[in-house]
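Residue strings, one per chain:
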Number of protein chains: 2
Amino acid sequence: MSTDSRRLARALGHPFARADLLQQALTHRSAGAVNNERLEFLGDALIGFTIAEALVGRFPHADEGTLSRMRAALVKRESLAQLARGLELGDYLRLGAGELRTGGHTRDSILADALEAVLGAIYLDGEFNRARTVVLNLFRASLAQLNDAHASKDPKTRLQELLQARRRPIPEYEVLTVGGTQHAQSFTVSCVLPDDGRLSRGEGSSRRRAEQAAAEAMLIQFEGQVAHG
Amino acid sequence: MSTDSRRLARALGHPFARADLLQQALTHRSAGAVNNERLEFLGDALIGFTIAEALVGRFPHADEGTLSRMRAALVKRESLAQLARGLELGDYLRLGAGELRTGGHTRDSILADALEAVLGAIYLDGEFNRARTVVLNLFRASLAQLNDAHASKDPKTRLQELLQARRRPIPEYEVLTVGGTQHAQSFTVSCVLPDDGRLSRGEGSSRRRAEQAAAEAMLIQFEGQVAHG
């Protein structure tokens, strides 16, 4: 299953000085003690930071919750596996006999982990700005798909627009509990879709904040459509 | 409560070119719409990546689980708040009236978030290597306290040594379930401390892996002592 990995290095835009690092990144733990788990740990953190920076720069009005939600959609296992497939990463993997027989080279988790490991290896092989560029190139299309409108609008507005676009009634918000001290109150609010009864909850230090959190939670239930809107 | 923040910038080792970024990092959401929440998102990711890199470099034999556990101990809210107190960060915070009255400038969550935001601001004000150096200087003592022995030994060995040092009997491991297919088996193992009956569980693709995971879970129950060795 292991093809000449220089083709992969070219596709990534990084000619490895240390070929052993790339080989290690492509080695699943089922294939040996020197495997890609540590590089995956590093690559995961590299991607998290690079995407955070890209989102902060691109969406100057998005709040922290929106930024977190967008990042989670970009870096989730399925998204990473899809990028790995675009690189035909499965063809380069080194797997143990059991994983080979059960189709490990097509499995989302193995592909996503290997992609993280390859990016971690690029960082160790080169330096930060090189690795950052490779990550940004890899995620360019996904980043471009994120809708500015979604990012700059608050969750309640986005949820209302999403429902209206589907000709569904607007959500109903209700304060469930008010707690805390006078100067540090805590509100819990429910958000209900009146037509199908779907429910979410949110907490916050004001009624408005709690409503936004509840709308955010409801949006997460619609995640696919919203994050890639 | 807001003192001349140039003293803080000196303590951090980064003279800000853009003083507004530092001011924003020190502004809690209770004090205004332009606050530190977005910078906190960025700083959290910066710290996560920088500490990941430092741990990977320092502990060449530690597995991913150990690296994750060490990082979690270093960057948890209480640890960050302690570092923030060392910088007297509370003295520089801008808080709303309610938070001021209820002692917000001494609260762990507010201090930890503000420290993350300040580091995010340093990244935006300078460049990666500068921010990385500031993070590593800040965490130097905590990183130095991590015990090499703990990091290079596997969880079962570490657990056994920890118990022996306390003159307690060694743990008992038992396979609870075996599932999966022939070539992709999944084991669940329990780890019991015979003297006090404390229990943990672990899963893995082999009995040995599952035992290590169970030992790791038990170590997490002893976390304070272990992570800071």
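Below or above, wherever it landed, is the structure these notes cover. Bear in mind that the values here come from a model prediction, so they are computed numbers and not experimental data. (Residues numbered from 1 in each chain as written. Chains lettered and ligands numbered in written order. Predicted model: local features only at pLDDT ≥ 70, side-chain atom pairs only at ≥ 80, totals over all residues. Heavy atoms only, no water.)

Here we come to the sheet that holds strand E2 (residues 184-192) of chain B. All names here are of chain B. The strand order across the open sheet built from 3 strands is E1-E2-E3, with neighbouring strands paired in antiparallel fashion. Edge positions in the open sheet fall to strand E1 (172-181) and strand E3 (199-204), since each of these has one partner strand only. Averaged over all pairs of adjacent strands, the angle between strand axes in this sheet comes to 15°, irrespective of strand direction. Bridge analysis of E2 against E3 gives 6 bridges, and the strand direction is antiparallel. Bridge pairing in E3 links valine 189 to glycine 202. Running at roughly 140° to E3, helix H12 (residues 207-221) makes contact with E1, E2 and E3 of the sheet. (Pairing = 2+ DSSP bridges. Helix = DSSP H or I, 4+ residues; strand = E, 2+ residues; numbered from the N terminus. Axes fitted to C-alpha atoms, helices over the stretch in contact; angles between N-to-C directions. Contact = heavy atoms within 4.5 Å.)

Quick look at the relation of the copies chain B and chain A now. Mapping chain B onto chain A leaves a residual RMSD of 0.3 Å; the transformation is a rotation of 180° accompanied by 0.0 Å of translation along its axis. Expressed as a symmetry operation, the mapping of one chain copy onto the other fits a two-fold axis. Closest to the rotation axis within chain B is the C-alpha of B:Phe49, separated from it by 3.2 Å. Taken as a fraction of all interface residues of chain B, those also at the interface in chain A reach 100%, which identifies the copy contact as same-surface. (Least-squares fit on C-alpha atoms with pLDDT ≥ 70 in both.)

Applying the stated rule across the entire model yields 8 aromatic pairs over all chains. Between A:Phe49 and B:Phe49, the aromatic rings sit 6.3 Å apart at their centres with planes inclined by 15°, giving stacked as the arrangement. Taken as a pair, A:Phe49 in helix H3 (residues 37-58) and B:Phe49 in helix H3 (residues 37-58) lie in two separate chains rather than in one. There is no split in this pair, since A:Phe49 and B:Phe49 are both buried. Through a chain of ring-to-ring contacts, the aromatic side chains of A:Phe49, A:Tyr123, A:Phe128, B:Phe49, B:Tyr123 and B:Phe128 assemble into a single cluster. Between A:Lys156 and the ring centre of A:Tyr173, over which it is positioned, the NZ or CZ distance is 4.8 Å. (Phe/Tyr/Trp six-rings, centres within 6.5 Å; stacked < 30°, edge-to-face > 60°. Buried < 20%, exposed > 50% of the residue type's maximum accessible area, 1.4 Å probe, protein only. Lys NZ or Arg CZ within 6 Å of the ring centre and 35° of its normal.)

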